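Below are the chains, spelled out letter by letter.
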Amino acid sequence: MPAHSTLPLRQPGWSTRSVHAGDKRPFPHHALTFPVFHTATYTFDDTADLSQFMQARLWGPVDGRTEYGRYGNPTLSRVEDKLAELEGAGEAILFSSGMAAITTTLLSLLSAGDHLIITDDSYRRTRQFCLTTLKRLGIECSLVPAAQLDRLEPAIRPETKLIVSESPTNPYLRVLDLEHLVQIATRAGVKTLIDSTFATPINQRPLEFGIDLVVHSATKYLAGHNDLLAGVVAGSEYLVALIRENLWVMGATCDPHAAYLTYRGLKTLALRLSRQNETAQRVAEFLEPHSKIRRVWYPGLASHPDYEVARRQMSGFGGVVSFEVEGGLAEASRLVDSVRVPLIASSLGGVETLIEQPALMSYFELSGEERMQVGIKDNLVRLSVGIEDSEDLIADLAQALEAIE
Ligand SMILES: *Cc1c(COP(=O)(O)O)cnc(C)c1O
């Protein structure tokens with residue numbers, strides 16, 4: 001029986017895609033689920049078999065097999081095909097972490113003498129990699145404010161190769177106008193990369209707007225259960241092949257077991273996201289008018305600066321709600337210490353609700369003044385809603401807000 005897809009003939013919905021996209025059945029031994037191939041290397045029948053493979057390999061990937069675990073694994077390929085279909089990409093790669101996806105991608109695309117532009121309000125380690133590691137290698141980097149595209153164009157130089165941004169950003173959930181970004185980049189002949197971790201392909205598909213590459217920390221929503229680290233890059237076959245060549249050298253390949261768990265997690269992606277979008281909207285609407293809350297940052301609220309853009313380009317606003325408590329660091333801590341359901345932890349996107357104060361977590365080693373410079377306020381709390389009942393989360397937040405003096 002020839003390999004076949006299990007997607008329906010009609011244009012499938014996002015839950016159907018989450019479960020079936022990328023699959024070519026039957027699976028080995030007619031297993032319903034795809035096996036985890038725990039192997040570091042692969043065997044050849046004889047030297048003729050080996051020579052034939054090596055000859056074919058000169059022309060690109062060989063269908064159905066590879067020779068070593070850093071170059072491929074069938075379990076990883078299942079995840080990569082599913083992710084490529086969900087993003088509408090030619091190809092995708094699964095890495096050992098989100099940072100591995102970002103660093104391997106940037107090192108693949110940039111050379112000494114090149115310039116790149118990144119937006120602020122971004123993942124701190126991405127910023128650190130661009131501003132220190134890449135700089136040490138002779139790659140200049142400019143930092144521009146997120147979601148202010150008028151500040152982007154003047155930062156472009158003749159040697160600019162790439163614009164990197166998150167959307168939505170962390171922690172203020174700024175949403176970039178991707179169509180406008182692509183116009184600016186295309187005019188200047190510059191490639192674009194969006195870290196779409198906070199959105200997932202369920203809420204936003206940057207490639208459809210003409211963005212060249214999308215990266216994700218699959219640690220967050222894609223895997224979704226706070227039990228592994230993984231990362232993704234997706235884009236055209238040409239660009240992704242270039243990055244894959246570099247991955248084979250740099251070695252940040254995903255482990256087959258983590259790949260299997262990612263594949264398993266992806267099956268419930270649309271289901272989880274629809275709950276998380278809904279709960280986060282309810283939580284944001286509960287918090288906004290509360291007397292102990294100064295400001296809520298959620299792109300599904302009309303008060304968010306990017307509400308209109310988000311409505312145009314996203315089909316859901318995600319599960320992260322950031323908010324400022326009336327008062328300062330102590331009042332924010334009082335709230336965080338008083339909730340019962342959300343667990344105090346960094347990360348986001350999993351089934352458990354997590355809560356954190358950016359000033360005490362990602363930005364702890366900065367002074368209060370330095371934190372203000374990067375825009376991290378002391379009274380800021382970031383809540384990543386899980387899949388618990390929204391009524392429970394809201395009641396819990398309500399009692400915790402009462403605990404603030
Ligand atoms: C967590 C995160 C990363 C880093 O991913 P890891 O899987 O932790 O390496 C990058 N970008 C964003 C937006 C993230 O939230």
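The rules we used
- Residues numbered from 1 in each chain as written.
- Predicted model: local features only at pLDDT ≥ 70, side-chain atom pairs only at ≥ 80, totals over all residues.
- Heavy atoms only, no water.
- Helix = DSSP H or I, 4+ residues; strand = E, 2+ residues; numbered from the N terminus.
- Buried < 20%, exposed > 50% of the residue type's maximum accessible area, 1.4 Å probe, protein only.
- Lys, Arg positive; Asp, Glu negative; His and termini not counted.
- Salt bridge = Lys/Arg side-chain N within 4 Å of Asp/Glu carboxyl O.
- Contact = heavy atoms within 4.5 Å.
- Domains from an automatic or database assignment.
- Buried area = accessible area lost by both parts, 1.4 Å probe.
- Polar contact = N/O pair within 3.5 Å; in protein donor to acceptor, adjacent residues only side chain to side chain.
- Nonpolar A, V, L, I, M, F, W, Y, C, P; charged D, E, K, R; others polar.
- Near = heavy atom within 4 Å.
- Areas by Shrake-Rupley, 256 points an atom, 1.4 Å probe, with all protein chains shown as cover.
- 1 Å grid on protein atoms, 1.4 Å probe; cavity = no way out; pocket = protein on both sides within 12 Å on 5 of 7 lines; lining within 4 Å.
- Sits in = over half its atoms within 2 Å of the grid points.
- Expected span 1.5 Å × (residues − 1).
- Points joined across faces, edges and corners; volume = space filled by probe spheres on them.
- Pairing = 2+ DSSP bridges.
- Axes fitted to C-alpha atoms, helices over the stretch in contact; angles between N-to-C directions.

With respect to the helices and strands, Lys82 occurs in helix α3 (residues 74-87). Buried charge Lys82 goes without a salt bridge, the closest partner of opposite sign being Asp23 at 4.3 Å. The residues contacting Lys82, other than those within four sequence positions of it, are Arg17, Ser18, Val19, His20, Ala21, Gly22, Asp23, Tyr263 and Leu266.

A separate point is the domain arrangement of the protein. Splitting the protein by domain gives domain 1 (14-37 + 73-266) and domain 2 (270-401). If you average the C-alpha positions of domain 1 and of domain 2, the two centres end up 24 Å apart. Across the contact, 35 residues belong to domain 1 and 42 residues belong to domain 2. Between domain 1 and domain 2, a total of about 3,000 Å² is buried, with carbon and sulfur atoms accounting for 52% of that surface. Looking only at domain 1, the three residues that lose the most surface to domain 2 are Tyr172, Asn203 and Tyr221, adding up to 27% of its buried area. Counting the contacts that link domain 1 with domain 2 gives 2 salt bridges. Across the pair Asp306 and Arg174 runs a salt bridge whose closest N-O atoms are separated by 2.6 Å. Counting every contact that joins domain 1 to domain 2 gives 22 residue pairs in polar contact (both at pLDDT 80 or more). Sorting the residues of the side of domain 1 that touches domain 2 by element identifies α1 (14-20), α5 (124-136), α7 (200-203) and α9 (256-266) as the ones contributing at least two each. Split into classes, the residues belonging to the side of domain 1 that touches domain 2 amount to 17 nonpolar, 13 polar and 5 charged.

Another aspect to go through is the site of the ligand. Around the ligand sit 13 residues, and of these Gly98, Asp195, Ser217, Thr219 and Lys220 come closest. Measuring from an oxygen atom of the ligand, one finds a side-chain N or O atom of Ser217 at 2.8 Å. Here Lys220 contributes a side-chain N or O atom positioned 2.7 Å from an oxygen atom of the ligand. Relative to its free-state accessible area of 380 Å², the ligand is covered by the protein chains to the extent of 93%. At a threshold of 2 Å from the grid points, most atoms of the ligand map onto the second largest pocket. At 3 residues, the largest contribution of residues to the shell around the ligand is made by helix α4 (residues 98-109). Grouping the constituent residues of the shell around the ligand by class yields 5 nonpolar, 5 polar and 3 charged.

In this model, α4 (12 residues) spans 17 Å end to end at C-alpha, consistent with the 16 Å of a helix rising 1.5 Å per residue. Listed in full, the buried residues belonging to α4 are Gly98, Ala100, Ala101, Ile102, Thr103, Thr104, Thr105, Leu106, Ser108 and Leu109. Where α4 begins, the side chain of Ser97 points an oxygen toward the backbone nitrogen of Met99, at a separation of 3.4 Å.

Further remarks concern the layout of surface pockets. The space that makes up the largest pocket amounts to roughly 1,200 Å³. Counting residues per element, the ones that place at least two in the lining of the largest pocket are α3, β1 (91-95) and α8 (237-250). Top contributing element to the lining of the largest pocket by residue count: α3, with 7 residues. Its residues placed into classes, the lining of the largest pocket shows 20 nonpolar, 8 polar and 13 charged. In this structure, the second largest pocket spans a volume of roughly 560 Å³. Lining the second largest pocket are 28 residues; nearest its centre among them are Tyr123, Asn170, Lys220, Ser347 and Ser362.

Turning to the sheet that holds β1, a few remarks are in order. As summarised here, the arrangement of the 7 strands in space is β1-β7-β6-β5-β4-β2-β3, forming an open sheet in which the pairing is mixed. Of all the strands in the sheet, the pair left with one neighbour each is β1 and β3 (140-144). The mean angle between the axes of side-by-side strands here comes to 20 degrees, regardless of whether they run parallel or antiparallel. Alignment of strand β5 (residues 191-195) against strand β6 (residues 213-217), held across 3 bridges, turns out to be parallel.

Another aspect to go through is the pattern of salt bridges. As enumerated under the stated definition, the model contains 21 salt bridges in all. A salt bridge links Asp114 to Lys161; its shortest N-O distance comes to 2.8 Å. Pair noted here: Asp114 is in the loop between α4 and β2 (115-119) and Lys161 is in strand β4 (residues 160-166), with a separation of 47 residues, a long-range link. Judged by relative accessible area, which is 10%, Asp114 ranks as buried. Here the salt bridges share partners, and the residues they tie into one network are Lys24, Arg78 and Asp81.

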